[in-house]
4 protein chains.
Amino acid sequence: MIRVGIVGGTGYTGVELLRILALHPDVAITIVTSRADAGKRVDELYPNLRGFVDAIFVEPSADALAGCDVVFFATPNGTVMRTAEALLARGVKVIDLSADFRLKNPDVWAHWYGEPHVSPQLLEEAVYGLPEVNRALIRSARLIACPGCYPTSVQLALLPLIEARAIRLDRIIADVKSGVSGAGRKAEIPMLMSETGESLKAYSVKGHRHWPEIKQGLDQAAGQDVGLTFVPHLIPMIRGIHATVYAELSAAHGDLQALFEERYRAEPFVDVLPAGSHPDTRNVRGVNRCQIAVHRPMDGNTVVILSVIDNLVKGAAGQAVQNMNLMFGLEETKGLRNIGLYP
Amino acid sequence: MIRVGIVGGTGYTGVELLRILALHPDVAITIVTSRADAGKRVDELYPNLRGFVDAIFVEPSADALAGCDVVFFATPNGTVMRTAEALLARGVKVIDLSADFRLKNPDVWAHWYGEPHVSPQLLEEAVYGLPEVNRALIRSARLIACPGCYPTSVQLALLPLIEARAIRLDRIIADVKSGVSGAGRKAEIPMLMSETGESLKAYSVKGHRHWPEIKQGLDQAAGQDVGLTFVPHLIPMIRGIHATVYAELSAAHGDLQALFEERYRAEPFVDVLPAGSHPDTRNVRGVNRCQIAVHRPMDGNTVVILSVIDNLVKGAAGQAVQNMNLMFGLEETKGLRNIGLYP
Amino acid sequence: MIRVGIVGGTGYTGVELLRILALHPDVAITIVTSRADAGKRVDELYPNLRGFVDAIFVEPSADALAGCDVVFFATPNGTVMRTAEALLARGVKVIDLSADFRLKNPDVWAHWYGEPHVSPQLLEEAVYGLPEVNRALIRSARLIACPGCYPTSVQLALLPLIEARAIRLDRIIADVKSGVSGAGRKAEIPMLMSETGESLKAYSVKGHRHWPEIKQGLDQAAGQDVGLTFVPHLIPMIRGIHATVYAELSAAHGDLQALFEERYRAEPFVDVLPAGSHPDTRNVRGVNRCQIAVHRPMDGNTVVILSVIDNLVKGAAGQAVQNMNLMFGLEETKGLRNIGLYP
Amino acid sequence: MIRVGIVGGTGYTGVELLRILALHPDVAITIVTSRADAGKRVDELYPNLRGFVDAIFVEPSADALAGCDVVFFATPNGTVMRTAEALLARGVKVIDLSADFRLKNPDVWAHWYGEPHVSPQLLEEAVYGLPEVNRALIRSARLIACPGCYPTSVQLALLPLIEARAIRLDRIIADVKSGVSGAGRKAEIPMLMSETGESLKAYSVKGHRHWPEIKQGLDQAAGQDVGLTFVPHLIPMIRGIHATVYAELSAAHGDLQALFEERYRAEPFVDVLPAGSHPDTRNVRGVNRCQIAVHRPMDGNTVVILSVIDNLVKGAAGQAVQNMNLMFGLEETKGLRNIGLYP
């Protein structure tokens, strides 16, 4: 059994980790930390876990965590870069669901996250946990930077086209729509149901922290600088991301449907839909899956890719467990073979 | 492996059966019928099932169904009473999710369902599939009448009190709220999102078909005639039922919290919450579980029971699989140990 | 023109007052206060008001408010009882949307609101602003205590029956469902859309502050002590209250439909629906109206009354303006003749 | 008083016309037709109209309609092109909310709407009812083709940029999100709340009927052929459209904020938000208003325009009444000065 610790277990990503890991056959949840709720039963806060998680929130402590084989961090940005090195030194693997190790360039990180990076020496070692790109590296990694939810949906939509040089790289547009759980479990007026229900808005159009992360992934796939516009939107639903990605086809782009099917044929968690499909976000509600459809409106030279994930699963906790499975030599799909909740 | 057939696989109850049974380790889904969609792939209609259900809808046929060990009927009322006998005669067990065999008295059935019952001879044999009441009978049954969603939530709320003679029986009020999936997957204007979203209404206050079903169960538990008022409401959410049940305490009612905990201590799918709790329907979203809390407002002599289920799971497909597990000697929880999707 | 001040203009009740008063032909909005947002343009916070409200939030100040003819308080409980006397002394009328002057007995107030009442001398003068009961008193009042949202819906549902002695008074049950805007515009985790969306729960079953307020109104109508159970529920929608009220009919109750129609025939804002109706809360979305239907399930001796309002309009800001119209001798419906937004 | 007829009064556009016109001071609603509901009271179907609309649905008849000054058609496509000429010949003005007269080229119409246009002779006379473009023509028109909801939001977003030659015209992308009421009041499974709630999807990516309409408007503004990709999305909310429009800036584009403010300074129903704003669709819920914000992400050469309307008001019924006001020489804002419902 893998001894697992979860730091920051009271946010939506944390409870989603608990939901998945509590039923994972090879995992023992050893410690769940929360500063705010230390001393409370986990299932008092989350009654959906009653009978499945018999743990009590504790204060985070390096010694306690050192007894784990792997620790998941579902913490605010800026925490893991202060903690990871000590844990790694004691032989504990770290899977970071925050943004601390996603960007390779510490200056870019500092620009977008508003403070200097305090562990730049780990940035090179940290593996960006997108298995569809970095599977081999993940298997041998000690420190995983789990991708953001928007970056997961957009990169999976674009990788086949960029790798095949099927599109122009200077003007890619990603119009992405997210349910409100992406904003986390924080007491903020703009996330009240009275504010977000029955309404829709774009936000951070000027620039969003996931822009450099997406761009870094696309640049790497392209081997060159990519021009990307990214606009996130807040949708009146709880779970789900829908990326609508636009690019101009290059001269010799070939059969797009075949290109996507080929690229993802062996991927257990990327499902290319039949030609002409329009994925609903609900198809993947609660599961670690990305569904993709590719279109050419009016048979013109613009390609439109539709990509849906559950932001809390393939966009966060599920992908983190997928990484864990790889790191520990388990079957990649273990604990993750579930079916989306419809309706 | 149990060879399973599903008749009427295109409604919400049908697809929910597929979601549960596709991951059940002892089940092989042998046949899925649908008149309207015969010839289509199941996962074309329900893309959440891609990779899990590799079946094609076929026309229902007695011969094909006769090859099954058990057939689930997720059909409109009036179908199973015309079909069950022939299947039973060929040694196939029948689990009926419609209302055809729920009421023991064929005259009452005819009154509420608008036509004579055509298989009254089976009414006595049919077992009402509420395991918390009829577990032993279910184990040996050939024909199960699965309870309705409202009746499941209300009976589980009241059984401990009635069995213990803790309440007066002449004036019980069940104010019950349901998500819209309870109305099924039918093209009807009142169920459009523009009609049901952001709004709330009571319906069928004059009299609802689940009233005689609930009353039959309560009468049986009480061993006498019970006075019941039942008002259903339509709530702007997809899944979930919340029953709020009111009754007057009798003189010697004892400790209510202990009464409920004791009654359901051994039940795998009924979870009595700590005193003072208020269950959210989301606690049980997607899972076969009833959560219950019991209150005495202002410490007076009115007891209020709060009972939540997922109408499609403990209120339909999950309970049907729980019945199947019992009928085939499997562990009762097999294929049903999941955790509610929060948020 | 009536010079109007609004204290606490940043909550949902405050902005709803602004929406209504900005289009009221006899009103000039003179001052809008907010401690938290002083200095900001009102329409910066509420872009729906752009072009209609050209005001800036200011700090509350007695002198500034003294220049008004009437001041609406949309403040937290405990504010107005500390402020009202000084304003009244300077000739300013006060319409209080908080709970400070709703309960006549200061001990009861202290019990439910957790501190002693500091202006008990005003409790007798304050008029409970339910025009359907107190129209004459309101016309000459200086200080109005606007009813709570739940109490408005429940009292209007019961008044005809109680006044006509048509029901037993010892066991009335009010099962009431509210949209989330009733919780106000406060940064609290339980009111996030991820928490309240797609889910339903009861709350405060043990006892809710609106219970003594409803009971006081019913006691007064009955001329005796009434037995009331009140259970509020939180519904995944923004606006709307639906009260489902249960009572036992007394021997000589007469024609219930006629009773309700007669009682409310002259009321501009109470609409008794035809027999057999089930009101949707959306019928009254955004408008100062209560729609009511009365039923006898199974033609038995239980009466069920369905009553819907918009909690922010007839349950708060609209009713407050209705009171203002009466206090200033205007036509009662002025500024309030709007049509519910459907769909 | 203008005698008004409404043909097709039972859809969402029809009832929205009724909501607006019932309170319009210069209008008398003379006739409301509905084949399906002839003989029923209008307010029986739409209880929000009780006390405001005292009409009964009648069968449509040319003679009855001939007594009107103007007839609004809220009918399915293909109806008005068969009816308009006869009415016009009898001196009745026609405001068509369907698509019959939106496209100037009958071959394009036939291609997208699947049948030949039967009144091509009227296509030239018909005025496209976008007052921000065609105000003068509307004033003297007999036949108005009201713009579609998507086309209204996209054209208002782009007109300032195209007229000022501020963008490249060969690759404009309009990613547009709509609430479900845009699909109308039709009994269709995909529009059930269980299907559209809590989920998001794109649709008609291959090609949508509003594409040629938008393109016609942009081509005309540009005086040349414009390259447009248009992808509509279905959002789990009832009302509201949010257009997110992307274009590449041309060399000399000037101050974008000033450009928009200048273009719409005199427009009563287009509201350019302060720089940096992100409009919520709820800002304009229930009102005839378009709110627009213009952004340059990362200060690059892509411009992003955010444009929100209520699809049933500025996208349909409200804009139709705005046209009527112009046609009859009334103040353009008459009956339309309302404030959006927040929250």
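Here is what the cut-offs are and how they apply
- Along each chain, numbering runs from 1 in the same order as the chain's sequence is written.
- All chains are assigned letters beginning with A, and all ligands numbers beginning with 1, in the order in which they are written.
- A pLDDT threshold of at least 70 governs which residues receive local features in this predicted model, and a stricter bar of 80 or more applies before side-chain atom pairs are shown or counted, although totals over entire chains, interfaces and linings include all residues.
- All domain edges in this entry derive from an automatic or database-based domain assignment.
- Contact criterion: two residues are in contact if their C-beta atoms, reconstructed from the backbone, are within 7 Å.
- Only runs of H or I of at least four residues qualify as helices and only runs of E of at least two qualify as strands under DSSP, and these elements are numbered from the N terminus.
- Classification convention: Asp, Glu, Lys, Arg as charged; Ala, Val, Leu, Ile, Met, Phe, Trp, Tyr, Cys, Pro as nonpolar; all other residues, Gly among them, as polar.
- For two strands to count as paired, DSSP must find a minimum of two bridges between them.
- Fitted lines through C-alpha atoms serve as axes, helices being fitted only where they are in contact, and the angles separating the N-to-C directions of these axes extend from 0 to 180 degrees.
- When the copies are overlaid, the least-squares fit takes in C-alpha atoms only where the residue has pLDDT of at least 70 in both copies.

Caption draft 1: Main features of the domain arrangement of chain A. Residue and element names in this part refer to chain A. When cut into domains, chain A gives domain 1 (2–146 + 316–327) and domain 2 (149–309). Each partner contributes to the interface: domain 1 provides 17 residues, whereas domain 2 provides 16 residues. Only helix H5 (106–113), helix H6 (131–139) and helix H11 (317–327) provide two or more residues apiece to the side of domain 1 that touches domain 2. Tallied by class, the residues present in the side of domain 1 that touches domain 2 amount to nine nonpolar, five polar and three charged.

Caption draft 2: Quick peek at the interface of chain D and chain C. Facing the 26 residues of chain D at the interface are 26 residues of chain C. Considering every element that reaches the side of chain D that touches chain C, the biggest residue donor is helix H1 (residues 12–21) of chain D, with three residues. Its residues placed into classes, the side of chain D that touches chain C shows 15 nonpolar, seven polar and four charged.

Caption draft 3: Highlighting the sheet that holds strand S11 (residues 270–272) of chain B. Residues and elements named next belong to chain B. Ordered in space as S8-S9-S7-S10-S13-S12-S11, the seven strands form an open sheet in which the pairing is mixed. In the strand order of this sheet, the two ends are held by strand S8 (201–202) and S11, each with one partner. The pairing of strand S10 (residues 241–248) with strand S13 (residues 302–309) spans eight bridges and is classified as antiparallel. Bridging from a neighbouring strand, Thr244 pairs with Leu306 of S13. On top of the sheet, helix H9 (residues 210–222) reaches strand S7 (172–178) and strand S9 (228–234); it is set at about 135 degrees to S9, its chief contact.

Caption draft 4: The arrangement of the relation of the copies chain D and chain A in detail. Expressed as a screw transformation, the operator carrying chain D onto chain A has a rotation angle of 180 degrees and an axial translation of 0.0 Å, and the superposed copies differ by an RMSD of 0.0 Å. Both copies are brought into coincidence by an operation consistent with a two-fold rotation axis. Scanning chain D for the C-alpha nearest the rotation axis identifies Pro236 of chain D, at a separation of 3.2 Å. Most of the interface of chain D is mirrored in chain A, where 100% of its interface residues again form contacts.

Caption draft 5: Fine view of the environment of Ala55 of chain A. Residue and element names in this part refer to chain A. Mapped onto the elements of the fold, Ala55 is located in the loop between helix H2 (42–45) and helix H3 (62–66). Taking the C-alpha atoms as reference, Ala55 lies 35 Å from Gln291; in sequence the two are 236 residues apart. In contact with Ala55, other than residues within four places in its own chain, are Ile29, Val32 and Val42.

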